[in-house]
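Structure assessment
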Amino acid sequence: MKVYIETYGCQMNVGDSEVVLAILRQVGYSRCEEISRADLILVNTCSIRENAEQRVFGRLDVFRQEKLRRKGVIVGVLGCMAERLKEKLLENKAVDLVAGPDSYRQLPKLIAAVRLEGKQIDTLLSHEETYADISPVRMDAEGVTAFISIMRGCNNVCSYCIVPYVRGAERSRDPQSILREARELIAAGYREITLLGQNVDSYCWKGTDGTQAPLSFAALLEQVALLDTSVRIRFATSHPKDMKDDVLYTMARHANICKHIHLPVQSGSDAQLLLMNRKYTRETYLERIAKIREILPGCAITTDIIVGFCEESEEDYEKTLSLVEEVGFDGAFMFQYSERPGTKASRTMPDNIAPEVKTARLNRLIELQNHNALQSNQACVGQTFEVLIEGTSKRSEAQLFGRTGTNKTCVFPAEGHHPGETVTVRVLSCTSATLISEIVK
Ligand code: 5AD
Ligand code: SF4
């Protein structure tokens, strides 16, 4: 039996798709990359913004065509949209199966039931499920980099965000199972591991019998880094209200922990941060940035920003621009606010920024950020960096690409080198997204 799986949304979802493949493998499914050969078509979905959901509905139309062509094909919707829309998704003619993020162990049972009785759904959320015992089937078996989920769910209630509703309460995964998975990856030849959680700084393992001292994220990070000092370690995402100095000191102590922190700020205005329920201020965010720069000079800092959130005035927006200017982020994901039904904002605040104002604000912000990213990259020209080679460049077979520890993408002539190797490159020129380089060692 063949399963085809398409994944939308964050890295967490990629990790979940790998868990799903492992669960299905146990009952005889292997992965295929063409819809036309699949007995089971799965789409692992994202609900973070409306356009993410629209894209999936478009795909469901395509899957429906495939079902009309070939009798017996089963189509399942997994992930955050499954959890958010529940039965409503079963009304879609393409959909046979709906399973939320904590229901993947039920998939074999649900698939069998679809064959016997038709449409099936399981969207029960759990307080315990971490899929700790499952060794994910990697999307990229020959890969260089891999993710490990160290926790699931989220206990923050940022007022704009659907995540806590679709991924449930926060729970940390047993560190022994995390270390086991990391060892398996290292033994399989992976050269970089990214530890994933919605809010890694609140990782806390208290054991199962109440006798252990709690294990913090910094302690876990250190244990993973010590497994093999030639393997790079990354992590995401950090939260400005929770990121402690102990994580920064741990990063400073271990050369193999990449010097990059993704620290979403969302807005530079205290009024907006309060409405967003982010639980920090512009000032305390900037203090965190100063601390990173003090303990980890040269550490790259990236962020997420939302423009056009409820009640955002020109003044609020200008404060975001000035913060972006002040910090000089190495990279940023920037979004227009998209109201998500069920969130605190959708229930209690008006989505009152006109779409064209949102778009104009986003465009101006992107322009500013691109300018900053270009400046940050230009400062790298002439310098040398250690780069882990991840693959061949999309544009040319003769070119390889990889990233610096600070998460900057470098492209350079292959000269007989291969993915998985670490090389030293010198930067010759740049764009706002890429460092054009050559191998020096
Ligand atoms: N609208 C727009 N962007 C959002 N994000 C989260 N929820 C929304 C929303 N409703 C952004 C935040 C978050 C990133 C993953 O997505 O910036 O950090
Ligand atoms: Fe990931 Fe959030 Fe999208 Fe779910 S809604 S896939 S948790 S980004």
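Residues numbered from 1 in each chain as written. Chains lettered and ligands numbered in written order. Predicted model: local features only at pLDDT ≥ 70, side-chain atom pairs only at ≥ 80, totals over all residues. Heavy atoms only, no water.

A closer look at the site of ligand 2
In the vicinity of ligand 2, the contacting residues are Cys10, Asn13, Thr45, Cys46, Ser47, Ile48, Cys80, Val163, Arg167 and Gln198. Residues of the shell around ligand 2, tallied by class, amount to five nonpolar, four polar and one charged. Each of domain 1 (2-122) and domain 2 (140-258) contributes no fewer than three residues to the shell around ligand 2. (Near = heavy atom within 4 Å. Nonpolar A, V, L, I, M, F, W, Y, C, P; charged D, E, K, R; others polar. Domains from an automatic or database assignment.)

So, the sheet that holds strand β16 (residues 331-336)
Read across the open sheet, the three strands follow the order β14-β15-β16; overall the sheet is parallel. Sheet topology places β14 (260-262) and β16 at the edges, where each strand pairs with a single neighbour. On average, adjacent strands in this sheet sit at an angle of 10° to one another, irrespective of strand direction. Pairing of β14 with strand β15 (residues 300-307) involves three bridges; the strand directions are parallel. Looking at the pairing, histidine 262 lines up with threonine 302 of β15. (Pairing = 2+ DSSP bridges. Helix = DSSP H or I, 4+ residues; strand = E, 2+ residues; numbered from the N terminus. Axes fitted to C-alpha atoms, helices over the stretch in contact; angles between N-to-C directions.)

What to know about the environment of isoleucine 436
Residue position: isoleucine 436 is located in strand β21 (residues 434-439). As a C-alpha pair, isoleucine 436 and leucine 296 span 140 residues in sequence and 25 Å in three-dimensional space. With sequence-adjacent residues up to four places away left out, isoleucine 436 is seen in contact with Val411, Arg426, Val427, Leu428, Ser429 and Cys430. (Contact = heavy atoms within 4.5 Å.)

A few points about the domain arrangement of the protein chain
Taken domain by domain, the protein chain consists of domain 1 (2-122), domain 2 (140-258), domain 3 (264-375) and domain 4 (384-439). Its C-alpha centre places domain 3 at a distance of 30 Å from the equivalent point of domain 4. The partner domain 4 presents five residues to the six residues of domain 3 that form the contact. At the boundary of domain 3 with domain 4, total buried surface from both sides reaches about 430 Å², with 58% on carbon and sulfur atoms. Put simply, lysine 408 and aspartate 330 hold a salt bridge, and the shortest N to O gap is 3.4 Å. (Buried area = accessible area lost by both parts, 1.4 Å probe. Salt bridge = Lys/Arg side-chain N within 4 Å of Asp/Glu carboxyl O.)

Thoughts on helix α14 (residues 355-378)
Compared with an ideal rise of 1.5 Å per residue, which puts 24 residues at 34 Å, α14 spans 34 Å between its outermost C-alpha atoms and is within 8% of the ideal. All of the buried residues in α14 are Lys358, Arg361, Leu362, Leu365, Leu368, Gln369, Asn372, Ala373, Ser376 and Asn377. Elements in contact with the buried residues of α14: β15, α12 (314-327), β16, β20 (422-430) and β21. (Expected span 1.5 Å × (residues − 1). Buried < 20%, exposed > 50% of the residue type's maximum accessible area, 1.4 Å probe, protein only.)

Things to note about the nonpolar core
In summary, soluble globular proteins display a tendency toward joint burial of nonpolar side chains. Residues Leu195, Phe217, Phe235, Met251 and Ile261 are the most contacted members of the largest nonpolar core, which totals 56 residues. A per-element tally of this core places helix α8 (residues 217-227) first, with six residues. Lining this core are residues from two domains, each supplying at least three of them: domain 2 (140-258) and domain 3 (264-375). The contacts of methionine 251, once residues within four sequence positions are left out, are Leu221, Phe235, Ile257, Cys258, Lys259, His260, Ile261, Leu296 and Cys299. (Core = buried A, V, L, I, M, F, W, Y, C linked by side-chain atoms within 4.5 Å.)

A short note on the sheet that holds strand β10 (residues 192-196)
The sheet built from three strands is open, its strands ordered β7-β10-β13 with parallel pairing. One side of each edge strand has no neighbouring strand; the edge strands of this open sheet are β7 (145-149) and β13 (232-236). For this sheet the average axis-to-axis angle between neighbouring strands, irrespective of direction, equals 25°. Bridge count between β7 and β10: five bridges; the pairing is parallel. Looking at β10, one finds that serine 149 is bridged to leucine 196.

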